[in-house]
Amino acid sequence: MDYGYDLKNNILHIGANQAPAYDIETNEIGVCSACGASLSSISYHSFNDSLIIVGKCPGCNSIYANVYNTDWTWLDEIAISHFSKKDQGKNSSCGTSQEVDESSANAALKLLNAIPMKQLQTIFSPAEINAMFARAKGDDCVRQYLYNARKKYGTFEDVFGITINV
């Protein structure tokens, strides 16, 4: 399903549907997958049986939709395109697909499997390691553990010279 976001009107586009914001509040919600800067929420949406927080990275201007179930259990993070009202006619696809690119997922899993567990355990907690492997496999994971792990990627690279991007 394609996702897009109208920055001017705070409307989340999900396929052919629109989900207007029910709240516009700024909170720190995680770490940008692209550059590692802190993500800040820009709007909150409800769609079907999902609660979605749209966050924007001040570092690289990436926008993500963090999808939760109604119990606020994290389900997925989706990179989405953003556009202003004047761009809507030009951008009918409105973003990237929710499905994870299989080749990049396989590459991430191969990378994690190639790293000795002792090295991973030096920097990451067991819960963070489990979250990274689950994310690389495309399985559900606890968002907070993945968030904590992503904050440590730079340290891991400094110590072991291996770049992780899961």
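For the structure itself, consult the block above.
Residues numbered from 1 in each chain as written. Predicted model: local features only at pLDDT ≥ 70, side-chain atom pairs only at ≥ 80, totals over all residues. Heavy atoms only, no water.

J.: Describe the pairing of strand 4 (residues 28-31), listing the residues and the values that go with them.
T.: Where strand 4 lies against strand 5 (residues 38-47), three bridges are found, and the strand directions are antiparallel. Following the sheet pairing, Glu28 is matched in strand 5 by Ser40. (Pairing = 2+ DSSP bridges. Helix = DSSP H or I, 4+ residues; strand = E, 2+ residues; numbered from the N terminus.)

J.: Account for the pattern of salt bridges, naming residues and giving values.
T.: Oppositely charged side chains may form a pair once their charged atoms are brought near each other. Under the counting rule described, the total for this entry stands at four salt bridges. Between Arg135 and Asp76 there is a salt bridge whose closest N-O contact spans 3.0 Å. Of the two residues, Arg135 is situated in helix 3 (residues 126-137) and Asp76 in strand 8 (residues 74-83); the sequence distance between them amounts to 59 residues. The pair Arg135 / Asp76 is uniform in exposure class, with both members buried. Residue Arg143 is joined to Glu77 by a salt bridge in which the shortest nitrogen-to-oxygen separation is 3.2 Å. With Arg143 in helix 4 (residues 143-151) and Glu77 in strand 8, the pair connects residues that are 66 residues apart, well separated along the chain. For the pair shown, Arg143 and Glu77 are each scored as buried. By sharing partners, the salt bridges in this structure join Glu77, Arg143 and Arg150 into a single network. (Salt bridge = Lys/Arg side-chain N within 4 Å of Asp/Glu carboxyl O. Buried < 20%, exposed > 50% of the residue type's maximum accessible area, 1.4 Å probe, protein only.)

J.: Provide a residue-level description of helix 3, including the pertinent values.
T.: Owing to its 3.6 residues per turn, the α-helix aligns residues three or four sequence positions apart on the same side. With 12 residues, helix 3 should reach 16 Å at 1.5 Å per residue; the first-to-last C-alpha distance of 17 Å fits that figure. Where helix 3 terminates, the next one or two residues include Gly138, which has phi positive at roughly 85°. (Expected span 1.5 Å × (residues − 1).)

J.: So, the packing of aromatic side chains: which residues are in play, and what are the values?
T.: Under the definition given, this model contains five aromatic pairs. The structure contains a cluster of three or more aromatic residues connected by ring pairs, namely Phe124, Tyr153, Phe156 and Phe160. (Phe/Tyr/Trp six-rings, centres within 6.5 Å; stacked < 30°, edge-to-face > 60°.)

J.: Which residues make up the packing of helix 3 against helix 4, and what values do they have?
T.: Following both chains from N to C, one finds helix 3 and helix 4 inclined at 100°, their axes separated by 8 Å at the closest point. When the axis of helix 3 is compared with that of helix 4, the two are roughly perpendicular. Where helix 3 approaches helix 4, its residues Ala127, Glu128, Ala131, Met132 and Arg135 are matched on the opposing element by Tyr145, Leu146, Asn148, Ala149 and Arg150. Class assignment of the residues belonging to the contact of helix 3 with helix 4 gives a composition of six nonpolar, one polar and three charged. (Axes fitted to C-alpha atoms, helices over the stretch in contact; angles between N-to-C directions. Parallel < 35°, antiparallel > 145°, perpendicular 65-115°, else oblique. Contact = heavy atoms within 4.5 Å. Nonpolar A, V, L, I, M, F, W, Y, C, P; charged D, E, K, R; others polar.)

J.: I'd like to hear about unusual backbone geometry, residue by residue, with values.
T.: One can expect most non-glycine residues to show negative phi and most peptide bonds to be in trans. Here the phi dihedral of Asn10 falls at roughly 55°; this positive angle occurs in a residue that is not glycine. Mapped onto the fold, Asn10 is located in the loop between strand 1 (3-6) and strand 2 (11-14). Given the relative accessible area of 16%, Asn10 is considered buried. Phi is positive for Asn48, close to 50°, though the residue is something other than glycine. Take Asn48: it is sitting in the loop between strand 5 and strand 6 (50-56).

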